[in-house]
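Chains, contacts and geometry: an overview
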Amino acid sequence: MLPRSLVSTDKQPDHEVVAADNTTRTYVMQGSPRTRALDIYHLIFAPTHACNLRCKHCYLPDHVNELIPKATALRLLDEWSEIVLQERGLYGGIFHVKGGEPFVISYIWDMIDRLTHLQSLQLMLTTNGTFTGEKVFKKLSRCNEALDGHATIVVSLDGATEDTHAILRGKGHFAKTLLFLKGIRASGITLHLNCVLHKGNLHELAAYIELAKGFGASQVNFLAFVPRGIGLGFREFQLPHIEVYRHLDGLYKSGDEETKALLAGSLSHIKKRESAGEYQTSHECVAAYRGMFYITPEGNVNTCPNIVFPEFSLGNVLRNTLKEICEKLPKLHERLGRYADHYACSGEKILYEKQADRVNQESLLILSKELRSRSNNDAGEGKALSYCFSRNY
């Protein structure tokens, strides 16, 4: 294990070193198309598919309780800390725990303790918010303090009312999740919300934003429902991409400054940055950029949760170190080149191609054409940026 004080940063890597901007409580996954690297490195760790809920839209293939060994998980934390400190500096990288459900992981607090000891990585944790014991809030609060406030809890809340939340997650969980939000707010930990949009909850956008404000959320990630895994059985609830965008764009443009801040990282936010000449949007998403990984319970390493097909694998953490895996990113980036588009998720394009889903292929194309027709991207004088357009993080 290498605490931050023992990691040498004298030797500079052959790629650009970027100082992380940790002054904001919002988060936009973005990176440089020139260096093909994220501004803030982001490792998503999903050591199990096990979960206490059975959500209809779940993108996972199953809920098997297979679990990466604890020793491997702790080794990953040490390796990731070393890479981040050398290439991005203190708190310039995120260790993001997902699942399944993180709070069913038997060694979750061992990972939190290791993060607390290292004091070098940001913690992000995505949960369904149904674990409301006092122990949870105390331990998370202690970790947040040790990390100088660099902990973010992302809670999946799929409606502004019990009825809409229950469409996806089942009855009786909404009140528990609100209790969890209250506990996170009282603990002073940065709170983000994830909401998967579908035909049953699109009408609640404004009410959802007000709920988020009431609980002190710093960011809301509205996610388009993508039918895959378990969620294939729910596909009739999917909305056309352009419909989701137009509703969210209306919400953004009519909203106050607090609302706009909550929607950081959305397509409307990206377009606003373009129109101000602050940045140009590159022709690709951040798939296969340096510093972006998604690790499954089998130990397989992918570039993101949307590209988990075997032919795009970067290796396996049970056999490979993270440094070895990093070196495979350039070749994967080349392979993904044909899926690149200004405003489209490469993972979605690959998924629909594999499924021979021409309806969704056309739906994604319509969105991309609409956004490009409204763009003054070429007039921007700022540097080019690539973004995650799915926000599935």
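The paragraphs below set out a description of the structure included in this document.

What counts and what doesn't
- Residues numbered from 1 in each chain as written.
- Predicted model: local features only at pLDDT ≥ 70, side-chain atom pairs only at ≥ 80, totals over all residues.
- Heavy atoms only, no water.
- Helix = DSSP H or I, 4+ residues; strand = E, 2+ residues; numbered from the N terminus.
- Rg over C-alpha atoms; globule rule 2.2 N^0.38 Å.
- Buried < 20%, exposed > 50% of the residue type's maximum accessible area, 1.4 Å probe, protein only.
- Contact = heavy atoms within 4.5 Å.
- Axes fitted to C-alpha atoms, helices over the stretch in contact; angles between N-to-C directions.
- Parallel < 35°, antiparallel > 145°, perpendicular 65-115°, else oblique.
- Left-handed = near helix turned anticlockwise from the far one by under 90°.
- Nonpolar A, V, L, I, M, F, W, Y, C, P; charged D, E, K, R; others polar.
- Phe/Tyr/Trp six-rings, centres within 6.5 Å; stacked < 30°, edge-to-face > 60°.
- Core = buried A, V, L, I, M, F, W, Y, C linked by side-chain atoms within 4.5 Å.
- Right-handed = clockwise from strand over helix to strand, strands pointing away.
- Pairing = 2+ DSSP bridges.

Before going further, it helps to spend a moment on the overall build of the chain. Looking only at helices and strands, the chain features 13 helices and twelve strands. Radius of gyration (C-alpha) of the chain: 20 Å, near the 21 Å computed for a compact globule of 393 residues. Across its three principal directions, the C-alpha atoms of the chain cover 50 × 50 × 40 Å. In the chain, which comprises 393 residues, the proportion classed as buried is 61%. Counted over contacts in the chain with a minimum sequence separation of 6, partners at least 24 positions apart contribute 77%.

Turning our eyes to something else, we now look at the packing of helix 2 (residues 108-118) against helix 3 (residues 134-146). Running from N to C, helix 2 and helix 3 point in directions that differ by 20°, and their axes come no closer than 9 Å. Judged by the angle between their axes, helix 2 and helix 3 are roughly parallel. Note that helix 2 runs across helix 3; the crossing there is left-handed. Two secondary-structure elements touch here, helix 2 through Trp109, Ile112 and Thr116 and helix 3 through Lys135, Val136, Lys139, Leu140, Cys143 and Ala146. Per-class residue counts for the contact of helix 2 with helix 3 are six nonpolar, one polar and two charged.

A word on the side chain of aspartate 357. With respect to the secondary-structure elements, aspartate 357 resides in the loop between helix 12 (346-354) and helix 13 (358-373). Overall, the relative accessible area of 10% leaves aspartate 357 in the buried class. Those residues within four positions of aspartate 357 in sequence are excluded, and the remaining contacts are Arg235 and Tyr352.

Enumeration according to the criterion identifies 13 aromatic pairs in this entry. Seen in terms of ring centroids, phenylalanine 45 and phenylalanine 95 are 5.6 Å apart; in terms of plane orientation they differ by 40°. Their pairing is tilted. Here phenylalanine 45, found in strand 2 (residues 37-45), pairs with phenylalanine 95, found in strand 3 (residues 93-97); they are 50 residues apart in sequence, far enough to count as distant. Accessibility classification places phenylalanine 45 together with phenylalanine 95 in one group, the buried group.

You can see glycine 337 is positioned in the loop between helix 11 (329-335) and helix 12. Note: C-alpha distance between glycine 337 and threonine 35 (302 residues apart in sequence) is 15 Å.

With that settled, the discussion passes to the nonpolar core. Phe45, Trp80, Phe95, Met111 and Phe222 are the most contacted members of the largest nonpolar core, which totals 117 residues. Considering every element that reaches this core, the biggest residue donor is helix 1 (residues 70-87), with seven residues. Contact partners of methionine 111, with chain neighbours within four places excluded, come to Phe45, Ala73, Leu74, Leu77, Phe95, Val97 and Ile105.

Moving on: the pairing of strand 3. Of all the five residues making up strand 3, five are buried; the element is thus mostly covered by neighbouring parts of the structure. Burial along strand 3 is two-sided: the face carrying Gly93, Phe95 and Val97 and the face carrying Ile94 and His96 are both buried. Once you follow strand 2 into helix 1 and on to strand 3, the crossover reads as right-handed. Two strands pair when backbone bridges link them, and strand 3 and strand 4 (residues 122-127) are joined in this way by four bridges, in the parallel orientation. Opposite phenylalanine 95, over in strand 4, you have leucine 123 as the bridge partner. A crossover links strand 3 with its parallel partner strand 4, the connecting element being helix 2, and its sense is right-handed.

In contact at an axis separation of 10 Å, helix 6 (residues 205-214) and helix 7 (residues 241-254) are set at 50° when each is read in the N-to-C sense. Between helix 6 and helix 7, the interaxial angle falls into the category oblique. In the packing of helix 6 onto helix 7, the handedness of the crossing is right-handed. Contact with helix 6, carried on its side by Leu205, Ala206 and Ile209, involves His247, Leu248 and Leu251 of helix 7 and no other residues of that element.

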